[in-house]
Amino acid sequence: MVTKRTKVRFASGDADCEAWHYPGTNGGCVIMAGGFGVTKEPGTDRFAERFAAAGFTVLAFDHRRLGGSGGRPRQVVRIRDEIADWRSAIGFAATLPGVDPGRLALWGFSLSGGHVLRVAATDPRVAAAIAQTPNADCRAIVRNAARYQTPLAMMQLTGRAVLDALGGLIGRPPRLVPLNGEPGSVAFLTTPDALDTDRALNPDDRYPDWPQTAAARFALSLGFYRPGRDASRIRCPLLVLVCDQDNSALAAPALAAAGRAARAEVVRLPGGHYQPFLTGHEQAVTAELSFLDHHLLNTAAESAAAREPL
C-alpha cells in the first residue's frame, strides 16, 4: 500500500520533532509514535497507512533525540520529555489542514502505549485513545523481564547504566545498549517476544537507519513508570489491545488499567507482544479502525446533530 505523506516538523521543548503527515478527508486525526527506542517508520507505518486509507489524517512522529527529530545527546530516552512531545504533537495536529480539533485520537504501542494512557488522563484535547500492548506497569515488566535474563547480564546492564548516567552528568556520549537480545546478552529486553522484534518491525531490514539501541541510563528509571495507575482519570473513549501471551509488556497490567478507565473497551488477541504486527495485524487494525470510526466520526456527527437548533 502506498499512501501520500510529507515530512513536517514541530517544536517541542528544547528541540523539534520530525513527523510524517498523512492528509485525510474525514476531519479525524490519529497522532502516533513508536515504542521504546522505536522510530516512526518501523513503529507506525503499517497502521498509519491503514488509518490514512480510511480517511483519517495521521501525524506519526519521532520523540526527541530519536530518528529524524532534533535533540542531543542522541538515543537518550526521557519519559518526561516524551510525554511533552505528545502534548506538542497534539497542539500541532490541531492546526493541520482539514483536521477538526475536536476529533484528535492517540495511538501508541509498548512504551508509547503507556504514554497514551498518561496523556489521555491529563489532556482534555484528546477525543479518543488507543493503547496497543501498552507498558502499563513497568515495575511488573522489569520484574518479569528478570526471569528471562542471567544474573551476570543483569549486573552488566546495571553497571553500564550507572556509568552512562554518571558520564551524562559530565557531557560524555551515551553508552548504548541494544533494545533486544538473546538471554545472557546485555540488552534491555531478552524475553521470548524480543526475538520477534525484527520479524515484526523490521522485516528484511526494511529500515536500515533504525539503530535499535538506547542509552543505558534508561534502565535505572524504567521501573518507576506506572502509567496504568492514571487510567481512572481518563474520560475519553479508550481502546486497550492486549495480547494474552505478551511476555514483554504483560497482559494483566493492561487489563487492570482498562478496568480503571470509565469508557474503556478491550480487544484480546492470542500471541505475544508483537502479534498486532504479525499474524494478528488484520484483526488488530480492523478493531482499531472500528473504534476510530465510532468515536471520532459517528459520535462526533451525533453530537453535532444534537447541537443543531430544531
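Residues numbered from 1 in each chain as written. Predicted model: local features only at pLDDT ≥ 70, side-chain atom pairs only at ≥ 80, totals over all residues. Heavy atoms only, no water.

K.L.:
For the packing of aromatic side chains, give the residues involved together with the corresponding values.
P.N.:
This model, assessed by the stated rule, comprises 10 aromatic pairs. With a centroid separation of 5.3 Å and 80 degrees between ring planes, the pair formed by Phe-47 and Phe-277 is classed as edge-to-face. You can see Phe-47 sitting in helix α1 (residues 40–53) and its partner Phe-277 sitting in the loop between β10 (264–269) and α8 (281–307), a full 230 residues away along the chain. In this pair, the class of Phe-47 matches that of Phe-277, namely buried. Ring centres of Trp-107 and Phe-109 lie 6.0 Å apart, and the angle between their planes is 55 degrees; this geometry places the pair in the tilted category. By the burial criterion, Trp-107 is buried, and Phe-109 matches it. (Phe/Tyr/Trp six-rings, centres within 6.5 Å; stacked < 30°, edge-to-face > 60°. Helix = DSSP H or I, 4+ residues; strand = E, 2+ residues; numbered from the N terminus. Buried < 20%, exposed > 50% of the residue type's maximum accessible area, 1.4 Å probe, protein only.)

K.L.:
Can you tell me about the nonpolar core, naming the residues and giving the values?
P.N.:
Core analysis: the biggest nonpolar cluster contains 94 residues, and Ile-31, Met-32, Phe-51, Leu-106, Trp-107 and Leu-292 have the highest contact counts within it. Considering every element that reaches this core, the biggest residue donor is α8, with 7 residues. The residues touching Ile-31, leaving out its near neighbours within four places in the chain, are Leu-59, Phe-61, Trp-86, Ala-89, Ile-90, Ala-93, Ala-105, Leu-106 and Trp-107. (Core = buried A, V, L, I, M, F, W, Y, C linked by side-chain atoms within 4.5 Å. Contact = heavy atoms within 4.5 Å.)

K.L.:
Break down the side chain of Asp-246 for me, citing the residues and quoting the values.
P.N.:
With respect to the element layout, Asp-246 can be found in the loop between β9 (238–243) and α7 (251–260). Put simply, Asp-246 is tucked away with no salt bridge, and the nearest opposite charge, on Arg-147, sits 11 Å away. At a separation of 2.8 Å, a polar atom in the side chain of Asp-246 contacts the main-chain amide nitrogen of Ser-248. Not counting residues up to four positions away in its chain, the partners in contact with Asp-246 are Thr-133, Asp-193, Ala-251, Gly-271, Gly-272 and His-273. (Lys, Arg positive; Asp, Glu negative; His and termini not counted. Salt bridge = Lys/Arg side-chain N within 4 Å of Asp/Glu carboxyl O. Polar contact = N/O pair within 3.5 Å; in protein donor to acceptor, adjacent residues only side chain to side chain.)

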